[in-house]
Amino acid sequence: MLDLSVVVPSFNNRGHLIEVIRALELQQPPVREIIISHSGMGESVLSEYRPSIPCRLLHSDQPLKSGEARNRGAELAMGEWLAFIDDDVIPAPNWTAQLLPLMEQDENNTCYVGSVDCDRSGGYWGLSLWFLEFGSVHSYMPSRVVEGGASANMAMHREVYQRVGGFSENLERCVDVDFMCRCRKAGARTYFSSGLVVGHRNIPGMHH
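Residues numbered from 1 in each chain as written. Predicted model: local features only at pLDDT ≥ 70, side-chain atom pairs only at ≥ 80, totals over all residues. Heavy atoms only, no water.

Quick look at the packing of aromatic side chains now. Following the criterion strictly, the structure yields 8 aromatic pairs and no others. Seen in terms of ring centroids, F84 and Y161 are 5.9 Å apart; in terms of plane orientation they differ by 25 degrees. Their pairing is stacked. Of the two residues, F84 sits in strand β4 (residues 81-85) while Y161 sits in helix α5 (residues 158-164), which places them 77 residues apart along the sequence. Seen from their ring centres, Y124 and W125 are 5.2 Å apart, and the 80 degrees between their planes marks the pair as edge-to-face. Taken together through their ring pairs, the aromatic side chains of F84, Y161, F167 and F179 make up a single cluster. (Phe/Tyr/Trp six-rings, centres within 6.5 Å; stacked < 30°, edge-to-face > 60°. Helix = DSSP H or I, 4+ residues; strand = E, 2+ residues; numbered from the N terminus.)

Written out as structure tokens, the structure is:
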């Protein structure tokens, strides 16, 4: 088992949360725990599903920004390592197998950013918006040191998270970019690992 807590910020019910949990349940090596930091409506999504690994649901009726939701989950996490993935991305079957060597070689000084590939089209607008948002972190790109970019797929030692002071809680957008910027200011490295893959569930339409 990896000494890893996976925090999933979730808002309302976008319909993918159970699939995210199922994908995490099947990982080998397994994760230590999953923490769902949920706000808004739809917390009953887990009422009839019983995960095979420890899974905690934190709920707030008051909507939370993603930084707030992530920090709230991290406060209760028991793992030495923390991962943050969104509730509309599905971890690849080898997600933890790809993360393990990064954990073993790291000196508690890196924020790892993984690939965000396309898992579901969403049509023209869904694909376009996915490409624009995650265009710097597709799995065909080489692993490398990066300065920023959107990510729904991050992992780091707890020491890095604490050194940075967690995620900004007053931002509506670009929370990941801000976190990576503050990582570098705190002396940590931000590194893109192309093999650490999740698949994004793109939704149709331009409005979102």
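In terms of burial, helix α1 (residues 17-25) is largely enclosed, as 7 of its 9 residues are buried. Taken residue by residue, α1 has L17, I18, V20, I21, A23, L24 and E25 as its buried positions. On its buried face, α1 sits against β1 (4-11), β2 (33-39), β3 (55-60), β4, β5 (89-91) and α3 (95-105). (Buried < 20%, exposed > 50% of the residue type's maximum accessible area, 1.4 Å probe, protein only. Contact = heavy atoms within 4.5 Å.)

Attention now goes to the pairing of β4. With 5 of 5 residues buried, β4 is to be regarded as a mostly interior element. Two elements, β4 and strand β8 (residues 153-157), share 5 bridges in a ladder whose sense is antiparallel. Bridging across to β8, L82 finds its partner in M156. (Pairing = 2+ DSSP bridges.)

Let us now look at a nonpolar patch on the surface. Together, Y124, W125, L129, L132 and M206 make up a nonpolar patch on the protein surface, roughly 590 Å² of accessible area in all. Mapped onto the secondary structure, W125 falls in helix α4 (residues 123-134). (Patch = residues over 30% accessible without salt bridge, like charges linked within 9 Å, V, L, I, M, F, W, Y side chains within 5 Å. Areas by Shrake-Rupley, 256 points an atom, 1.4 Å probe, with all protein chains shown as cover. Salt bridge = Lys/Arg side-chain N within 4 Å of Asp/Glu carboxyl O.)

The final tally for this structure, using the stated rule, is 8 salt bridges. Where E19 meets R201, a salt bridge forms, and the shortest distance between an N and an O atom there is 3.0 Å. Here R201 lies in strand β9 (residues 189-201) and E19 lies in helix α1, a separation of 182 residues in the sequence. When its relative accessible area of 29% is taken as the criterion, E19 is described as partly exposed.

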